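This is what each chain is made of:
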Amino acid sequence: VQESVYYALERKDMLRHLRNSDSSETNTNYQRVLDKIRDAIFVVSRSDGALLYSNSRAKEWFGANIGEALEDVLEYGLLESEEVEMEISTRYPSAPRLTLRSESLGWGRSDACLISMREISKQKRAEDAFLISQRKLELIQRGAGYWIWNPSSKELFLSNSISTSLR
């Protein structure tokens, strides 16, 4: 959690500096920061969609298909919008489910779009497992019944379906 907060603050500070800077020297300094982030990062020219920068995580996830992956996400209209945030599914096994964020910024002398992607497959599996367990619990409560034993008070609670069947 602490690392996520740190990256969020760094990202916000970096975007503020990049928006206010014309210097490619500043961009080079931030490229070092971007390479350390666990999210895949692309910087894309708004005018022609050309890839201006991709960090090491983007190269790791998409490898030789990096241009193809970029084309896929640009179909969401990222270059036409000031700011976008959404969840997407991809065809790449290294990053099947992602949150995608896009923001406008200046990159050197170019009007650009910073696209960040965070892998959320593990989070989504946990959410799905939780929902399944909730559904199972609801079915048990409605159908077969359940009981709860409180060892400190030595009380037994029986669901209606069990209480009714014992009468």
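Above this text you will find the structure in question.
What this report covers is the structure whose coordinates are included nearby. (Residues numbered from 1 in each chain as written. Predicted model: local features only at pLDDT ≥ 70, side-chain atom pairs only at ≥ 80, totals over all residues. Heavy atoms only, no water.)

## Here's the deal with the overall build of the protein
On a plain count of helices and strands, the protein comes out with six helices and seven strands. Listed by position from the N terminus, the elements making up the protein come as α-α-β-β-α-α-β-β-β-α-β-β-α. Here the protein holds 167 residues, and the buried ones make up 35% of them. At a minimum sequence separation of 6, the contacts of the protein that also span at least 24 residues come to 42%. (Helix = DSSP H or I, 4+ residues; strand = E, 2+ residues; numbered from the N terminus. Buried < 20%, exposed > 50% of the residue type's maximum accessible area, 1.4 Å probe, protein only. Contact = heavy atoms within 4.5 Å.)

## Notes on the pairing of strand S2 (residues 51–54)
Two elements, strand S1 (residues 40–45) and S2, share three bridges in a ladder whose sense is antiparallel. Its bridge partner lying in S2, Val43 is registered against Tyr53. Hairpin connection of S1 to S2: five residues between the antiparallel strands, including Gly49 at a positive phi of 75 degrees. (Pairing = 2+ DSSP bridges.)

## What about the nonpolar core?
The nonpolar side chains of a soluble globular protein tend to be buried with one another. Counting 21 residues, the largest nonpolar core has Phe42, Phe62, Ile115 and Met117 as the members making the most contacts within it. Contributions of two or more residues to this core are made by S1, helix H3 (56–62), helix H4 (66–74), strand S3 (83–89), strand S4 (97–107) and strand S5 (110–119). Apart from residues lying up to four places away in sequence, Phe62 is in contact with Ala40, Phe42, Ala69, Tyr92 and Met117. Within the second largest apolar cluster, nine residues are counted, among which are Leu34, Tyr53, Ala112 and Leu114. (Core = buried A, V, L, I, M, F, W, Y, C linked by side-chain atoms within 4.5 Å.)

## Quick look at the packing of aromatic side chains
Working definition: an aromatic ring pair is given by the centre-to-centre distance plus the angle between the planes. One pass over the full model with this rule turns up four aromatic pairs. Between Trp61 and Phe62, the aromatic rings sit 6.2 Å apart at their centres with planes inclined by 85 degrees, giving edge-to-face as the arrangement. With respect to burial, Trp61 and Phe62 carry one shared label: buried. Chaining the aromatic ring pairs together yields one cluster made of Phe42, Trp61, Phe62 and Tyr92. (Phe/Tyr/Trp six-rings, centres within 6.5 Å; stacked < 30°, edge-to-face > 60°.)

## Details of the sheet that holds S5
Reading across from one edge, S2-S1-S5-S4-S3 is the order of the five strands in this open sheet, with antiparallel pairing throughout. The sheet terminates laterally at S2 and S3, the two strands that pair on one side only. Neighbour to neighbour, the strand axes of the sheet diverge by 20 degrees on average, direction disregarded. In the packing of H4 onto the sheet, the strands contacted are S1, S2, S3, S4 and S5, and the crossing angle to S1 comes to about 75 degrees. Docked against the sheet, helix H5 (residues 121–142) engages S3, S4 and S5, running at close to 140 degrees with respect to S4. (Axes fitted to C-alpha atoms, helices over the stretch in contact; angles between N-to-C directions.)

## With respect to the side chain of Ser102
Its location among the elements puts Ser102 in strand S4. Here Ser102 is in contact with Leu78, Glu82, Glu83, Val84, Cys113, Leu114 and Ile115, once residues within four sequence places are set aside.

## Regarding unusual backbone geometry
At Lys154, a residue that is not glycine, the phi angle is positive and equals roughly 55 degrees. Of note, Lys154 is situated in the loop between strand S6 (147–150) and strand S7 (155–158). The exposure class assigned to Lys154 is exposed, which follows from its relative accessible area of 62%.

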